[in-house]
Amino acid sequence: MTMNHHSNTPALEVREISKYFGSVIALSGVSMRLLPGEVMCLLGDNGAGKSTLIKTLSGVHKPDAGEYLVDGRPVSFDSPREALDHGIATVYQDLAMIPLMSVTRNFFLGSEPTVGRSIFKRFNVQRAREIVREELSKMGIDIRDPDQPVGTLSGGERQSVAIARAVYFGAKVLILDEPTSALGVKQAGVVLRYIAQARARGIAVIFITHNPHHAYPIGDKFTILKRGRTLGTFTKRELPREKMIHLMSGGDELERLEHELRGFHDQQADILADAIHEEEELY
Amino acid sequence: MSGQAIDKGKGDERLLRESFLKRWLRRPELGAVGGAVLVWFFFAVVAGNRGFLSLRGAANYLEVASELGILAVAVALLMIGGEFDLSVGSMIGATGMIIAILSVHFGWNIWAAIVVSLFFALIVGAINGILVIRTKLPSFIITLGSLFVIRGATIGLTRLITGRTQVGGIKGAVGYDSASALFTSGIQIVDPASPRGLSADFPISIFWWLLIAAVATYVLLRTRPGNWIFGIGGDEDAARNVGVPVDRMKVILFMLTAAAAWLVATTQVLATGGADTLRGEQREFYAIIAVVIGGTLLTGGYGSAIGAVFGALIVGMVQQGIVFTGIDSDWFMVFLGAMLIVAVLVNNYIRKHAAEAK
Ligand SMILES: Nc1ncnc2c1ncn2[C@@H]1O[C@H](COP(=O)(O)OP(=O)(O)O)[C@@H](O)[C@H]1O
Ligand SMILES: [Mg+2]
């Protein structure tokens, strides 16, 4: 694997991308760029357009306007497979893995290693097992048995296997849609560690999360979406933790709400405001 | 760091050996293998002295099991791929009748009739598959439709052409002898248990059944398309996203079930010397029952061809075993239905525990 850490060509770049669903404007003039070996956190409220953006990047949707460049070259994907062939790998929270299939069979689904020629060409199951074992241990993942059904793995392990798979198949850009949102603290830590591993191997990572504790330690850049538009991309230096948390939790709206409620001078409103305050302080 | 990795490797190797039993428990066909043994013992005890244990008894239930088994193995592949084919029974009637009409009514060489009949099956199978893909309707609905269309057209056209619903006289058709050698010949084994030195006739369909099951098992477990079938049945969209040719595989699987129906029909037509428009009725359900008893999930993504073999064997043993016991064979369906439900419960239980035994 080549480490093009210091390359100045973005691994992935979009310019003024828009996407409409009928009359719904899901994305409107979104631009962002990502260098190899960078982790970008994609932040924003529900319905902000995060999933639409990554589905556009991963070949599920075609943008209605704007440019999409991979390694500096314009691309247009008709299917997720085409994006995959260009090194854009996406790990979806739900359909990352098929629960009834073994870890090995999942890992190689669609790209099975073979031995033999013509009609004697067969799925090299032994080799597949060895590769899975090797790749997972490289990422520090301890799978007891590569033949166990994926359904028996924990959520964190499942995400990790999906990430290891993407890395093994030469992903240059790894897109993760809320990989940690359903996980406990420890499991989420495991996944974050693999993201760091992937970054160390020169892979560009786009990471969607609602949790500032997951975003801040791992993110190099933060792109904030709001109602289909981007509020900009910030580096860690430009965006102190408090400000990020504020932006992530839709802080503006909360403040305004608090203000309004204060205006009622209602005891109950005070209680509600306190509750909101407390919730904010939790982060 | 590297020392740690080596330790980990060692641990994994040890676990691999320990998990041999667990690996077995994880196989979908486990329940059906156990069930087949149980059913065999049951009839051995109840009807052992009435011929069930004789070679002729074995030939008898193996013949029934083989005809169902050929169908069930193909249906198992399709069901693992997440789809149903309810039209295989009608397809048996249609393909058999095509052979009979072409060879008897129109005087064709029977080989030509058999080949045309196969093409018909493959085309209708492909149409089933394409309709399922294009309409995105459940295959249950699409093939329920083709069940009636094929059966109705078979009856209607046969009556239109021949004026009847049955066509006989195939044994006199040109090329019958060579065709019969391939599809209906058998191995005669003198039954040592028979006092009059009667021989048991093991038909060649048993060989076809086992050969097809072996090929299907190989394809499922050791080829790329096999892995795709599991993937498609497990999660069609996920499979498509990683580049599995989902649509092409589905069409092929529907063509395969239709071709299996054709093979069963050819065997039957050559063995009995005639075709009947109603042949194959309800075979689609028997096939599904055999497949499900064999451990394949109704929802797809999990199952085995070997399981379907044992499922068909169980159905065959029960169907013929009841005759040996002297119980009225009307009760067969009661057994079959009850067995289906028990088998699904047992299979679910095993699968749950195999999954939990991490
Ligand atoms: N396939 C679709 N058809 C119609 N509207 C959609 C579709 N996908 C997303 N949208 C709309 O686009 C907007 C952005 O959604 P989404 O990208 O899922 O947001 P997020 O992932 O940030 O929560 C929402 O208003 C949503 O209702
Ligand atoms: Mg979303």
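Report on the accompanying structure.

Thresholds applied
Residues numbered from 1 in each chain as written. Chains lettered and ligands numbered in written order. Predicted model: local features only at pLDDT ≥ 70, side-chain atom pairs only at ≥ 80, totals over all residues. Heavy atoms only, no water. Helix = DSSP H or I, 4+ residues; strand = E, 2+ residues; numbered from the N terminus. Buried < 20%, exposed > 50% of the residue type's maximum accessible area, 1.4 Å probe, protein only. Contact = heavy atoms within 4.5 Å. Areas by Shrake-Rupley, 256 points an atom, 1.4 Å probe, with all protein chains shown as cover. Near = heavy atom within 4 Å. Polar contact = N/O pair within 3.5 Å; in protein donor to acceptor, adjacent residues only side chain to side chain. Nonpolar A, V, L, I, M, F, W, Y, C, P; charged D, E, K, R; others polar. Expected span 1.5 Å × (residues − 1). Arc of directions from axis to C-beta. Core = buried A, V, L, I, M, F, W, Y, C linked by side-chain atoms within 4.5 Å. Pairing = 2+ DSSP bridges. Salt bridge = Lys/Arg side-chain N within 4 Å of Asp/Glu carboxyl O. 1 Å grid on protein atoms, 1.4 Å probe; cavity = no way out; pocket = protein on both sides within 12 Å on 5 of 7 lines; lining within 4 Å. Points joined across faces, edges and corners; volume = space filled by probe spheres on them. Buried area = accessible area lost by both parts, 1.4 Å probe. Patch = residues over 30% accessible without salt bridge, like charges linked within 9 Å, V, L, I, M, F, W, Y side chains within 5 Å. Phe/Tyr/Trp six-rings, centres within 6.5 Å; stacked < 30°, edge-to-face > 60°.

**Thoughts on the overall build of chain A**
So, step 1. Broken down by element type, chain A carries ten helices and twelve strands.
So, step 2. Residue burial in chain A is summarised as follows: out of 283 residues, 50% are buried.
So, step 3. Sequence-distant contacts, at least 24 apart, represent 66% of the contacts inside chain A between residues at least 6 apart.
So, step 4. As presented, chain A carries roughly 13500 Å² of accessible surface, and 50% of it is formed by carbon and sulfur atoms.

**Examining the site of ligand 1**
Residue and element names in this part refer to chain A.
So, step 1. In the vicinity of ligand 1, the contacting residues are Phe21, Ala26, Asp45, Asn46, Gly47, Ala48, Gly49, Lys50, Ser51 and Thr52.
So, step 2. Gly47 has a polar backbone atom sitting 2.7 Å from an oxygen atom of ligand 1.
So, step 3. Take Lys50: an N or O atom from its main chain is 2.8 Å from an oxygen atom of ligand 1.
So, step 4. The protein chains hide 59% of the 560 Å² of surface that ligand 1 would expose on its own.
So, step 5. If one sorts the elements of the shell around ligand 1 by residue count, helix α1 (residues 50-57) sits on top with three residues.
So, step 6. Grouping the constituent residues of the shell around ligand 1 by class yields three nonpolar, five polar and two charged.

**Looking at helix α4 (residues 125-138) of chain A**
Residues and elements named next belong to chain A.
So, step 1. With 14 residues, α4 should cover 20 Å at 1.5 Å per step; its first-to-last C-alpha distance of 20 Å lies within 8% of that length.
So, step 2. Residues Val125, Ala128, Arg129, Ile131, Val132, Glu135 and Leu136 constitute the buried set of α4. Projected onto a plane normal to the axis of α4, the buried residues spread over an arc of 165° and lie on a single side.
So, step 3. Positive phi appears at Gly140, one or two residues downstream of α4, with a value of about 75°.

**Things to note about the nonpolar core**
In summary, soluble globular proteins display a tendency toward joint burial of nonpolar side chains.
So, step 1. One finds Ile110(B) and Trp209(B) to be the most contacted residues of the largest nonpolar core, which totals 105 residues.
So, step 2. No other element matches helix α4 (residues 55-80) of chain B, which puts 17 residues into this core.
So, step 3. In terms of nonpolar packing, the next biggest core, distinct from the first, is built from 47 residues, Ala166(A), Ala215(A), Ile218(A) and Phe234(A) among them.

**Some points on the environment of Leu27(A)**
All names here are of chain A.
So, step 1. Relative to the elements of secondary structure, Leu27 occurs in strand β2 (residues 24-34).
So, step 2. With a relative accessible area of 0%, Leu27 lands in the buried category.
So, step 3. With 22 residues separating them in the primary sequence, Leu27 and Gly49 have C-alpha atoms 6.1 Å apart.
So, step 4. Those residues in contact with Leu27, other than ones at most four positions away along the chain, are Ile17, Ser18, Lys19, Tyr20, Gly49, Thr52, Leu53, Thr56 and Gly228.

**Considering the sheet that holds strand β5 (residues 73-74) of chain A**
Residue and element names in this part refer to chain A.
So, step 1. One open sheet holds the four strands; their spatial order is β2-β1-β4-β5, and the pairing between them is antiparallel. Edge positions in the sheet fall to β2 and β5, since each has one partner strand and no second.
So, step 2. In this structure, strand β1 (residues 12-21) lies alongside strand β4 (residues 65-70), joined through five bridges in antiparallel fashion. Among the inter-strand pairings, Ser18 is bridged to a residue of β4, identified as Ala65.

**Examining the pattern of salt bridges**
So, step 1. The final tally for this structure, using the stated rule, is 16 salt bridges over all chains.
So, step 2. Lys172(A) is the partner of Asp71(A) in a salt bridge, and the nearest nitrogen-oxygen pair spans 2.7 Å. Taken together, the residues span a long stretch of sequence, with Asp71(A) in the loop between β4 and β5 and Lys172(A) in the loop between α5 (155-168) and β9 (173-177) at a distance of 101 residues.
So, step 3. Put simply, Glu83(B), Glu236(B), Arg240(B), Asp247(B) and Lys250(B) are held in one network by salt bridges that share partners.

**Describing the layout of surface pockets**
So, step 1. The computed volume of the second largest pocket comes to approximately 500 Å³.
So, step 2. Lining the second largest pocket are 29 residues, with Leu84(A), Thr90(A), Arg165(A), Asn241(B) and Val242(B) positioned closest to its centre.
So, step 3. Of all the secondary-structure elements, those providing two or more residues to the lining of the second largest pocket are α2 (80-85), β6 (88-91), α3 (103-108) and α5 of chain A together with α11 (236-241) of chain B.
So, step 4. Here the lining of the second largest pocket is built from residues that sort into 19 nonpolar, seven polar and three charged.

**Section: the interface of chain B and chain A**
So, step 1. Facing 34 residues of chain B, the contacting portion of chain A comprises 30 residues.
So, step 2. Buried area between chain B and chain A, both sides added, is near 2800 Å², and the carbon and sulfur share of it is 55%.
So, step 3. Residues Arg224(B) and Glu112(A) are paired through a salt bridge, measuring 2.8 Å at the closest nitrogen-oxygen approach.
So, step 4. The interface formed by chain B and chain A holds eight residue pairs in polar contact (both at pLDDT 80 or more) in total.
So, step 5. Residue assignment for the side of chain B that touches chain A shows that the elements contributing at least two residues are α1 (2-18), α2 (20-25), α9 (205-222), α10 (224-234) and α11 of chain B.
So, step 6. Looking at the side of chain B that touches chain A element by element, the count peaks at six residues for α10(B).

**Side note on a nonpolar patch on the surface**
Residue and element names in this part refer to chain B.
So, step 1. Residues Phe106, Trp108, Val116, Leu157, Leu160 and Ile161 make up a contiguous nonpolar surface patch of roughly 580 Å² in combined accessible area.
So, step 2. With three residues, the top contributor of residues to the nonpolar patch is helix α7 (residues 139-162).
So, step 3. Of note, Leu160 is situated in helix α7.
So, step 4. Since its relative accessible area comes to 70%, Leu160 is described here as exposed.

**Side note on the packing of aromatic side chains**
So, step 1. All chains considered together, the criterion is met by 18 aromatic pairs over all chains.
So, step 2. With a centroid separation of 5.8 Å and an interplanar angle of 50°, the aromatic rings of Phe107(A) and Tyr168(A) are classed as tilted. Of the two residues, Phe107(A) sits in helix α3 while Tyr168(A) sits in helix α5, which places them 61 residues apart along the sequence.
So, step 3. Taking the relative accessible area as the measure of exposure, Phe107(A) reaches 0% and is therefore buried.
So, step 4. Aromatic side chains Phe108(A) and Tyr168(A) sit 6.0 Å apart centroid to centroid with 80° between the ring planes, which places their arrangement in the edge-to-face category. In this pair, Phe108(A) is assigned in helix α3 and Tyr168(A) in helix α5, connecting sequence segments 60 residues apart.
So, step 5. Take Phe108(A): its relative accessible area is 2%, and that puts it in the buried class.
So, step 6. Joined through ring pairs, the aromatic side chains of Phe42(B), Phe43(B), Phe52(B), Tyr61(B) and Phe324(B) make up one cluster.

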